[in-house]
Amino acid sequence: MQKLIIAIIIVTFIPVKSFSWGKMGHAVVAAVAERHLTPEAKQKLDLYLHGLTLHEIASDADKYRAVWTIDLGFKPTNPEAARVAFLKTFDFTTPTNISPVSHSITVDEKCKSYPTDNDNGKYINNCAYYLEQYAKELKGNPESIPSYDRYRKIALIVHLIGDMHCPQHIVYIPKDPVKGGFNIKYRGKEMSYHGFWDTRIVVTDSPTDTLEYARLIDTATKKEFRKICKGNIYRWIQKDAEDAWPAHKYQRGDTLPDDIIEQYKPLVYSQLRNAGYRLATYLNRIFK
């Protein structure tokens, strides 16, 4: 009952702007990754996901967000002072710890991410912190992990690597800490800038079929692929944050140019593609 109440409260307090890419964006990232899995990784994922594809589960972390993120964040590194007010009423001595904004990544003035979710006692968004935990657990002895929990960890990896490539899910401290959480005007209509990046810019003038979309943007040579996937997740985040910074040009109340989608489409395709390549690489490393 307590978990149910907590889940309801989380849903109430999570703003729409906290979701990234939308279903199409996440599915495309996963579909690109599927094209670059090793046979061994693919075989294990088929087994652990009970035949489901990566692109079919890509948005499960949003679908089950209120339940799945109960075990993320606020432990063990975040003290009570770092929690938002409504969370202070809960007993955090049990595993039911909540982080409703853990689908984002925070970087410093050099576009480098943090090693934990705690910056001198202040809670920060850092999905990479959890990605590393899941990878370590799945590398160790995945057969010993209960089936549903193993599936959940894989689905979260699929989703969070997509999240960290969404420009409006990168928190630049101190440059731009609001993640597009404001309204802009586009072609006479007022809308959330975060929402504009989540879905509208992804689906406008692009294929409506996930697999066709993935084929369209999967354009890198083998040499380019290796360069994109070189290093660890923290190196990926730094390059990702550097590439995505132009998307933070606009501020509250700005009117976007009519051709903004055409301007930023190459960035959208690049971010989705790179996310897919790095997701495949991450899973290949885990299940090698």
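Residues numbered from 1 in each chain as written. Predicted model: local features only at pLDDT ≥ 70, side-chain atom pairs only at ≥ 80, totals over all residues. Heavy atoms only, no water.

**Student:** Please provide a residue-by-residue account of the confidence of the model for the chain, values included.
**Tutor:** The share of residues in the chain with pLDDT of 70 or more is 80%, and the mean pLDDT across the chain is 83. Taking the mean pLDDT of every element in the chain, the minimum, 37, falls on helix H1 (residues 2–13) and the maximum, 98, on helix H10 (residues 210–217). The low-confidence segment residues 70–78 (pLDDT under 50) makes 44 contacts with residues lying over four places distant or belonging to another chain. pLDDT under 50 marks residues 92–101. Its contacts with residues more than four places away, or in other chains, come to 41 contacts. (pLDDT = per-residue confidence, 0-100. Helix = DSSP H or I, 4+ residues; strand = E, 2+ residues; numbered from the N terminus. Contact = heavy atoms within 4.5 Å.)

**Student:** Describe in detail the packing of aromatic side chains, supporting the description with residues and values.
**Tutor:** Under the counting rule described, the total for this entry stands at 12 aromatic pairs. Relative to phenylalanine 196, the ring of tyrosine 193 has its centre 6.3 Å away and its plane inclined at 10°; by these criteria the two rings are stacked. Of this pair, tyrosine 193 and phenylalanine 196 both sit in helix H9 (residues 193–203), three residues apart, roughly one helical turn. Just as tyrosine 193 is buried, phenylalanine 196 falls in that class too. Measuring from centroid to centroid gives 6.2 Å for tyrosine 193 and tyrosine 250, while their planes differ by 65°, and the two rings are edge-to-face. Residue tyrosine 193 is found in helix H9, and its partner tyrosine 250 is found in the loop between helix H12 (233–244) and strand E7 (255–256); the two are separated by 57 residues along the sequence. Just as tyrosine 193 is buried, tyrosine 250 falls in that class too. Members of the aromatic cluster, each reached through a chain of ring pairs, are Phe182, Tyr186, Tyr193, Phe196 and Tyr250. Its guanidinium or amino end placed over the ring of tryptophan 245, lysine 175 lies 5.1 Å from that ring's centre, counting from NZ or CZ. (Phe/Tyr/Trp six-rings, centres within 6.5 Å; stacked < 30°, edge-to-face > 60°. Buried < 20%, exposed > 50% of the residue type's maximum accessible area, 1.4 Å probe, protein only. Lys NZ or Arg CZ within 6 Å of the ring centre and 35° of its normal.)

**Student:** Can you break down the packing of helix H2 (residues 22–34) against helix H8 (residues 147–163) residue by residue, with the values?
**Tutor:** One way to put it is that H2 packs onto H8 with a least axis distance of 10 Å and a crossing angle of 110°. If you check the angle between H2 and H8, you find them roughly perpendicular. Contacts between H2 and H8 involve His26, Val29 and Ala30 on the former and, on the latter, Val158, His159, Gly162 and Asp163. (Axes fitted to C-alpha atoms, helices over the stretch in contact; angles between N-to-C directions. Parallel < 35°, antiparallel > 145°, perpendicular 65-115°, else oblique.)

**Student:** Lay out helix H3 (residues 39–48) with the relevant residues and their values.
**Tutor:** All of the buried residues in H3 are Ala41, Leu45 and Tyr48. Considered in projection along H3, the buried side chains sweep an arc of 65° and stay on one side of the axis. Residues Pro39, Gln43 and Leu47 are exposed on H3 and point more than 90 degrees away from its buried face. Looking at the buried residues of H3, the elements they touch are helix H4 (54–57), H8 and helix H13 (260–286). (Arc of directions from axis to C-beta.)

**Student:** Could you give me a rundown of the sheet that holds strand E5 (residues 183–186), with the residues and numbers involved?
**Tutor:** One open sheet accounts for three strands, arranged E6-E5-E7; its pairing is mixed. Each of the sheet's edge strands pairs with one partner strand only, and the pair in question is strand E6 (189–192) and E7. Pairing geometry for E5 and E7, over two bridges, is parallel. Residue pairing for E7: tyrosine 186 is matched across the bridge by leucine 256. Sitting on the sheet, H9 is in contact with E5, E6 and E7, with an inclination near 85° to E6. (Pairing = 2+ DSSP bridges.)

**Student:** Can you lay out the side chain of arginine 273 for me, pointing to particular residues and giving the numbers?
**Tutor:** You can see arginine 273 is positioned in helix H13. Buried within the structure, arginine 273 lacks any salt-bridge partner; glutamate 224 is the closest side chain of opposite charge, at an N-O distance of 5.2 Å. In this structure the side chain of arginine 273 is engaged in a polar contact, spanning 3.1 Å, whose partner is the side chain of asparagine 274. (Lys, Arg positive; Asp, Glu negative; His and termini not counted. Salt bridge = Lys/Arg side-chain N within 4 Å of Asp/Glu carboxyl O. Polar contact = N/O pair within 3.5 Å; in protein donor to acceptor, adjacent residues only side chain to side chain.)

**Student:** Please set out H2 residue by residue, giving values where relevant.
**Tutor:** Between its terminal C-alpha atoms H2 stretches 19 Å, which fits the 18 Å expected from 13 residues at 1.5 Å a residue. Burial analysis of H2 places 10 of its 13 residues in the buried class, which makes it a mostly covered element. By the burial criterion, the buried members of H2 are Met24, Gly25, His26, Ala27, Val28, Val29, Ala30, Ala31, Val32 and Ala33. On its buried face, H2 sits against H4, helix H5 (60–63), H8, H9, H10 and H13. (Expected span 1.5 Å × (residues − 1).)

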